[in-house]
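Understanding the architecture of this molecule
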Amino acid sequence: MTDSPASLSPAFVPAAWSGPAVLAVDGGGTKTAAVRVGQDGQIQGYYTTSGSNPFDQPDWQQILSDLVLPLSTGVQAAVFGLAGYGENRALGQTIRAHLHTLCPDGTLSLSNDVDMACTGAFAGNAGVLLLSGTGSMAWAHDGNGNTTRVGGWGGTFGDEGSAYWIGRTALQFICQALDGRKPEAVGFAQAVCTHMGWPTTAPAAMDALLGWHAEQPRPRSAVAQCARLVDELAEAGCVQATALLKDAAAQLAAHIHTARARMGGKTLPWSYAGSVFNSPRIRAELTALCGAPQLPTLPPLGGGVLRAARQAGWSIDSQWIATLAQSLKNLPSSHPVHAPRVGRNSAALSSNGAASDVG
């Protein structure tokens, strides 16, 4: 087995493996994870690294190479769910050609990361998967091979309700409060500035904010991480932060309603993935707007494993899926988020976790 590259986090790397295996890769905007699973549903190897979205990560090819090569030897099937795939035909062809060089032996399948997450959440059955991490998108399956997507237009054109959208809106509130356009948000702006170690009044605060943004190697991820602070302020009773999260939930609910309408108006069950759902406020608001979600059967990475196992011709039943779910649950950042409930002990919003990722 190849030693793990220095850029990876070898969260689970056994000394050796044997027997049939499949590979799944979940590539989001902030984090990418790969897992090798044996025919018994047990993990043989697991790595994580930085985001691999080709639209904002120039080194995406090297990132995927370093991640996949230590795990891909002899796999019968490999499934990749990558943020950005399907957005541009020429880029999609480039991605597919590169992945074939990494997994030349077995069957290769490539899709958007949200499509893979939907497979995991419903174990291949009908439903709407709402992903909200760095970006946001809904993906629906009707159980008969038909799919539709809503959103996923990126930070410039969309990603409403995502961690990036929440963080960007919060920073806009700061700008508007400091120059007098949004006086009701002055307290919110001062709280954020204090947390960030910035001055709390203009023009020094604006200079600090612009300087902070300019020095970020990956500005989109940095802005998305500000969503964590918004959730903390909402839990502390900040009116502006609470209203912002309520607006984010409404934006996300529109994704679900639209996906259901495009699948014939059926009230399909919905589930979720992505770090934004670490917020109990977001989950409670969406439950009120869309009904109670179905807990994900598998995390997004598990959806890839399930697809790969079926492509490899393995015998898959409910017990095998349960074994896989338990194996993945023991991996860092692979735990499904708990059911919606309102409480003061909020798990912080972050753009770094999977349920997850997309993103």
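Residues numbered from 1 in each chain as written. Predicted model: local features only at pLDDT ≥ 70, side-chain atom pairs only at ≥ 80, totals over all residues. Heavy atoms only, no water.

Thoughts on the sheet that holds strand β7 (residues 127–132)
Pairing is mixed in the open sheet, where four strands are placed in the order β9-β8-β7-β10. Two strands in the sheet have a free side with no partner beyond their single neighbour: β9 (147–151) and β10 (270–273). With direction set aside, neighbouring strand axes in the sheet form an average angle of 20 degrees. With six bridges joining them, β7 and strand β8 (residues 136–141) adopt antiparallel strand pairing. Bridged to Leu129 within β8 is Trp139. (Pairing = 2+ DSSP bridges. Helix = DSSP H or I, 4+ residues; strand = E, 2+ residues; numbered from the N terminus. Axes fitted to C-alpha atoms, helices over the stretch in contact; angles between N-to-C directions.)

Topic: the environment of Asn125
Structurally, Asn125 can be placed in the loop between α3 (113–122) and β7. By relative accessible area, which is 49% here, Asn125 ends up partly exposed. In the structure, Asn125 is positioned 15 residues away from Ala140 in sequence and 9.9 Å away in space, judged by C-alpha atoms. (Buried < 20%, exposed > 50% of the residue type's maximum accessible area, 1.4 Å probe, protein only.)

Re the pattern of salt bridges
By the definition in use, this model includes five salt bridges. Across the pair Arg220 and Asp159 runs a salt bridge whose closest N-O atoms are separated by 2.6 Å. With Arg220 in helix α8 (residues 219–235) and Asp159 in the loop between α4 (154–157) and α5 (163–178), this residue pair connects regions lying 61 residues apart in the sequence. Measuring nitrogen to oxygen at the nearest pair gives 3.0 Å for the salt bridge that ties Asp179 to Arg181. Using a relative accessible area of 49% as the deciding quantity, one classes Asp179 as partly exposed. (Salt bridge = Lys/Arg side-chain N within 4 Å of Asp/Glu carboxyl O.)

Description of the side chain of Arg36
Mapped onto the elements, Arg36 comes out in strand β3 (residues 31–38). Put simply, Arg36 is tucked away with no salt bridge, and the nearest opposite charge, on Asp105, sits 8.9 Å away. At a separation of 2.9 Å, a polar atom in the side chain of Arg36 contacts the main-chain carbonyl oxygen of Leu71. Of note is the side chain of Arg36, whose polar atom sits 2.7 Å from the backbone oxygen of Thr73. Excluding its chain neighbours within four sequence positions, the residues that come into contact with Arg36 are Trp17, Ala21, Val22, Leu23, Gln42, Ile43, Gln44, Gly45, Leu71, Ser72, Thr73 and Val75. (Lys, Arg positive; Asp, Glu negative; His and termini not counted. Polar contact = N/O pair within 3.5 Å; in protein donor to acceptor, adjacent residues only side chain to side chain. Contact = heavy atoms within 4.5 Å.)

Here's the deal with the nonpolar core
Ile166, Ile174, Phe188, Trp270, Ile282 and Leu286 are the most contacted members of the largest nonpolar core, which has 53 residues in total. Among all residues touching Ile282, those that are not within four sequence positions of it are Leu245, Ala248, Ala249, Leu252, Val276 and Phe277. Ala33, Leu298, Leu301 and Leu331 belong to the second-largest nonpolar core, a separate cluster that totals 23 residues. (Core = buried A, V, L, I, M, F, W, Y, C linked by side-chain atoms within 4.5 Å.)

Concerning the packing of aromatic side chains
Enumeration according to the criterion identifies five aromatic pairs in this entry. Three or more aromatic residues joined by ring pairs form one cluster here, namely Trp270, Tyr272 and Phe277. The side chain of Lys182 reaches across the aromatic face of Phe173, ending 4.6 Å from its centre. Looking at Arg220, its charged tip hangs above the ring of Tyr164, at a distance of 5.6 Å from the centre. (Phe/Tyr/Trp six-rings, centres within 6.5 Å; stacked < 30°, edge-to-face > 60°. Lys NZ or Arg CZ within 6 Å of the ring centre and 35° of its normal.)

What to know about the environment of Ala138
Secondary-structure assignment places Ala138 in strand β8. Beyond its immediate stretch of four places on either side in the chain, Ala138 contacts Val128, Leu129, Leu130, Thr148, Arg149, Val150 and His255.

Quick word on the pairing of β9
Across five bridges, the pairing between β8 and β9 is antiparallel. Across the sheet, residue His141 finds its bridge partner in β9, namely Thr147. Here β8 folds back onto β9 in antiparallel fashion, the turn holding five residues, of which Gly143 has a positive phi close to 85 degrees.

Quick look at the packing of helix α1 (residues 60–68) against helix α2 (residues 89–102)
It is the contact of α1 with α2, at a shortest axis distance of 10 Å, that shows an interaxial angle of 30 degrees. Taken together, the axes of α1 and α2 are roughly parallel relative to one another. For the element pair α1 and α2, the recorded crossing hand is right-handed. Listed contacts from α2 to Trp60, Gln61, Leu64, Ser65 and Val68 of α1 are Leu91, Thr94, Ile95, His98, Leu99 and Leu102. Its residues assigned to classes, the contact of α1 with α2 shows seven nonpolar, four polar and no charged. (Parallel < 35°, antiparallel > 145°, perpendicular 65-115°, else oblique. Left-handed = near helix turned anticlockwise from the far one by under 90°. Nonpolar A, V, L, I, M, F, W, Y, C, P; charged D, E, K, R; others polar.)

Re the side chain of Ser271
Within the element layout of this structure, Ser271 appears in strand β10. Looking at Ser271, the relative accessible area reads 0%, which means it is buried. A distance of 2.6 Å separates a polar atom in the side chain of Ser271 from the backbone oxygen of Gln294.

Quick look at unusual backbone geometry
With omega at 0 degrees, the peptide bond leading from Ala202 into Pro203 counts as cis. Not every positive phi belongs to a glycine, and Asp159 is a case in point at roughly 60 degrees. Classification of Asp159 by relative accessible area gives buried; the value is 3%.

Overview of the pairing of strand β2 (residues 21–27)
For β2, the tally of buried residues reaches seven of seven residues, placing the bulk of the element in the interior. Alternating residues of β2 divide into Ala21, Leu23, Val25 and Gly27 and Val22, Ala24 and Asp26, and every residue in both groups is buried. Taken together, the seven bridges between β2 and β3 define a ladder with antiparallel strand orientation. Paired with Asp26 across the strands is Ala33, a residue of β3. From the end of β2 to the start of β3, which pair antiparallel, there are three residues. Sheet topology places β2 next to strand β5 (residues 77–82); six bridges connect them, and they run parallel. Directly across from Ala24, in β5, lies its bridge partner Val79.

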